[in-house]
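Descriptive analysis of the structure
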Amino acid sequence: MAPTTEPILEVGGLVKHYPLTRGILFKKQIGAVKAVDGVDFTLGRGETLGLVGESGCGKSTVAKLLCSLERPTAGSIRFKGEDITGLSGRALKAVRRNIQMVFQDPYTSLNPRMTVGDIVGEPYEIHPEAAPKGDRRRRVQELLDVVGLDPEYVNRYPHQFSGGQRQRIGIARGLALRPEVIVADEPVSALDVSVQAQVINLLDRLQSEFDLSYVFIAHDLSVVRHISDRVGVMYLGRIVEIGRDAEIYDHPTHPYTQALLSAVPVPDPEGRAHRERIILTGDVPSPVDIPSGCRFRTRCWKAQPRCAREVPLLAVPAAFRATPGPAAHPSACHFAEEAVPITPAPPREHGVNGDGPR
Ligand code: ADP
Ligand code: MG
């Protein structure tokens, strides 16, 4: 199914701070780990949004919040228009059915003492209303078939499978409740490169077959390229740039995205894109002590005094707003407009912004 513009998830001002305490007996809060610190995005029905960023930038925390495995400190998550952040009891359970997670490491996320059939069928134990007992074994076998595994494997144990096959088991389990959204948290990061493509192709096929919307998390921009319709780049708990595939990969306007891309080898048979390698200096600051203003400024080669004072908002740069083009996508940099050559706007006849005489 082609992605639509009808939103299935709308995330606004999402924050997750973990209290940082000292002492065991008399716990005292001395700060907070700002794991997620103001994240906004929408996911269209049938769409795949790639979320990319270095380790520790808050990707897994966003994943857990989306799947209601954690409660946000602030902000909202709307699923098909309904705010799901304050739900509890039966309503929470119902929404959890619809937004399922596929985990990163197929070696540790599958219980080694459970058979494949029990692992894939476990969601039916938690949500017995989803499938009558007598039906479950048949459903599990069908799920195995759907992800490309032999249905006869139901009685085997995880250690009898390869990494790629184990991730297929994890995906089958994620599909058991027929969710509408799948949040895949680095689903291929633990796999050999040769296997990664097979798992990505499987997810791609399942998306059209089951009408799924994906949030696909990776730490590397090259991994999400072929599966994502749009990509969001995260840094220290925030999205710093977001846009359609071609916008992010060919016209990045945030220095952090530019640095990440400069580290990615690009197949370029015509030798067109001459990319300078940008090496970021310094370490990622601690999420306990986030720099003022632009949180990327301590590692940015473009930083100016303004960057320490003003928080750059994730917005389409003013100069690109009037001219639709690949640079016209949200970027949280004060100097995003200088990132690419600006095509001169056609001259206006009267006044500025149409406020002159007509
Ligand atoms: P990523 O998935 O991008 O590597 P995470 O979302 O796992 O990042 O973590 C973001 C930050 O939040 C990290 O600094 C991590 O140590 C911290 N963090 C994650 N979970 C917790 C928790 N339960 N308590 C305290 N800090 C946490
Ligand atoms: Mg993670």
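Counting of residues starts from 1 at the beginning of each chain's written sequence and follows it residue by residue. Here every chain gets a letter starting at A, and every ligand a number starting at 1, in the order they are written. The model is predicted, so local features are restricted to residues of pLDDT at least 70 and side-chain atom pairs to those at 80 or more, both for listing and for counting; the totals for chains, interfaces and linings are taken over all residues. In computing side-chain properties, one takes all heavy atoms of the structure into account and sets aside hydrogens as well as water.

What counts here: UniProt positions are given in the numbering used here, feature names are shortened, and annotations may be inferred rather than shown by experiment.
In the annotation of an unreviewed UniProt entry, the protein is listed under the name Dipeptide ABC transporter ATP-binding protein and assigned to Streptomyces musisoli. What UniProt states about the protein under its Sequence similarities (unreviewed entry) heading is, verbatim, "Belongs to the ABC transporter superfamily."

1. Some details on the pattern of salt bridges
When charged atoms on two side chains of opposite charge get close, those side chains can pair. Defined as follows: By salt bridge we mean one thing: a side-chain nitrogen of Lys or Arg within 4 Å of a carboxyl oxygen of Asp or Glu. Numbered from the N terminus, helices here are DSSP runs of H or I no shorter than four residues, and strands are runs of E no shorter than two. A simple rule labels every residue: compare its accessible area, found with a 1.4 Å probe on the protein chains alone, to the largest value its type can have, and call it buried under 20%, exposed over 50%, or partly exposed in between.
Inspection of the entire model under this criterion finds 17 salt bridges. Here Lys 16 makes a salt bridge to Glu 70, at a shortest N to O gap of 3.7 Å. You can see Lys 16 sitting in strand 1 (residues 7–22) and its partner Glu 70 sitting in the loop between helix 1 (59–66) and strand 4 (74–79), a full 54 residues away along the chain. The class of Glu 70 is partly exposed, set by a relative accessible area of 24%. A salt bridge links Arg 97 to Glu 129, with the nearest nitrogen and oxygen atoms 3.5 Å apart. Separated by 32 residues along the polypeptide, Arg 97 in helix 2 (residues 89–98) and Glu 129 in the loop between helix 3 (116–126) and helix 4 (136–146) bring together distant segments of the chain. The class of Arg 97 is partly exposed, set by a relative accessible area of 24%. Look at Glu 129 and you get exposed, because its relative accessible area is 52%. Members of the salt-bridge network, linked through shared partners, are Glu 6, Arg 45, Lys 80 and Glu 180.

2. Some thoughts on helix 6 (residues 193–210)
We apply this condition: To estimate the expected span of a helix, subtract one from its residue number and multiply by 1.5 Å. Summarising the geometry, the arc corresponds to the directions from the helix axis toward the C-beta atoms. Should any heavy atoms of two residues lie within 4.5 Å, those residues are considered in contact.
Under the 1.5 Å per step criterion, the end-to-end length of helix 6 is 26 Å for 18 residues, consistent within 8% with the ideal 26 Å. Those residues of helix 6 lying buried are Val 195, Gln 196, Val 199, Ile 200, Leu 202, Leu 203, Leu 206, Gln 207 and Phe 210. An end-on view of helix 6 places all buried positions within 155° of arc, on one side of the element. Away from its buried face, by an angle of more than 90 degrees, helix 6 presents the exposed residues Ser 194 and Asn 201. Considering only its buried residues, helix 6 is in contact with strand 3 (48–52), helix 4, helix 5 (163–175), strand 8 (213–218) and helix 7 (221–224). Note on helix 6: the residue one or two positions beyond its end, Asp 211, has a positive phi of about 60°.

3. Considering the site of ligand 1
Selection criterion: Any residue with a heavy atom positioned within 4 Å of a molecule or strand is treated as near that molecule or strand. Polar contacts here mean pairs of N or O atoms no more than 3.5 Å apart (in protein, one a potential hydrogen donor and the other a potential acceptor; neighbouring residues in sequence count only if both atoms are side-chain atoms). Note on areas: these come from Shrake-Rupley sampling with a 1.4 Å probe, and a residue is covered only by the protein chains present in the view. Under this grouping Gly is polar, as are all residues other than the nonpolar Ala, Val, Leu, Ile, Met, Phe, Trp, Tyr, Cys and Pro and the charged Asp, Glu, Lys and Arg.
The full set of residues close to ligand 1 is Tyr 18, Val 33, Ala 35, Glu 54, Ser 55, Gly 56, Cys 57, Gly 58, Lys 59, Ser 60, Thr 61 and Pro 287. Here an oxygen atom of ligand 1 sits 3.1 Å away from a polar atom, N or O, in the main chain of Gly 58. Between an oxygen atom of ligand 1 and a side-chain N or O atom of Thr 61, the distance comes to 2.5 Å. For ligand 1, the accessible surface in isolation is 570 Å², of which the surrounding protein chains cover 64%. Counting only elements with at least two residues in the shell around ligand 1, the list comes to strand 2 (28–44) and helix 1. The leading source of residues in the shell around ligand 1 is helix 1, at three residues. The class makeup of the residues in the shell around ligand 1 is five nonpolar, five polar and two charged.

4. Notes on the nonpolar core
To keep things clear, this is the line we draw: To qualify as a nonpolar core, a set must consist of buried Ala, Val, Leu, Ile, Met, Phe, Trp, Tyr and Cys residues joined through side-chain atoms within 4.5 Å.
The biggest cluster of nonpolar side chains holds 62 residues, and the ones touching the most others in it are Val 147, Ile 171, Leu 175, Leu 206, Phe 216 and Leu 221. A per-element tally of this core places helix 6 first, with seven residues. When sequence neighbours within four positions are dropped, the list of residues in contact with Phe 216 reads Thr 48, Leu 49, Gly 50, Leu 51, Ala 184, Pro 187, Ile 200, Leu 203, Val 223, Val 224 and Ile 227. Leu 9, Val 62, Phe 79 and Ile 239 belong to the second-largest nonpolar core, a separate cluster that totals 31 residues.

5. Section: a negative patch on the surface
Put simply, the rule is: Patch criteria: residues need more than 30% relative accessible area and no salt bridge. Like-charged residues are merged within 9 Å; nonpolar side chains of Val, Leu, Ile, Met, Phe, Trp and Tyr are merged within 5 Å. For this count, His and the chain ends are skipped, Lys and Arg are scored as positive, and Asp and Glu as negative. Here the site of a charge means NZ on Lys, CZ on Arg, CG on Asp, or CD on Glu.
Where like charges cluster on the molecular surface, the negative patch consists of Glu 142, Asp 145, Asp 150 and Glu 152. As for its placement among the helices and strands, Glu 142 is situated in helix 4.

6. Details of the sheet that holds strand 1
Short version of the rule: For two strands to be treated as a pair, DSSP must find no fewer than two bridges joining them.
Pairing in this open sheet of four strands is antiparallel, and the strands run 2-1-4-5 from one edge to the other. The sheet is open, and its two borders are formed by strand 2 and strand 5 (82–83), each paired with just one other strand. Bridge count between strand 4 and strand 5: two bridges; the pairing is antiparallel. Looking at strand 5, one finds that Arg 78 is bridged to Asp 83.

7. Concerning a nonpolar patch on the surface
The grouping of Leu 20, Ile 30 and Val 288 at the surface amounts to a nonpolar patch, some 200 Å² of accessible area in total. Its place among the elements puts Ile 30 in strand 2.

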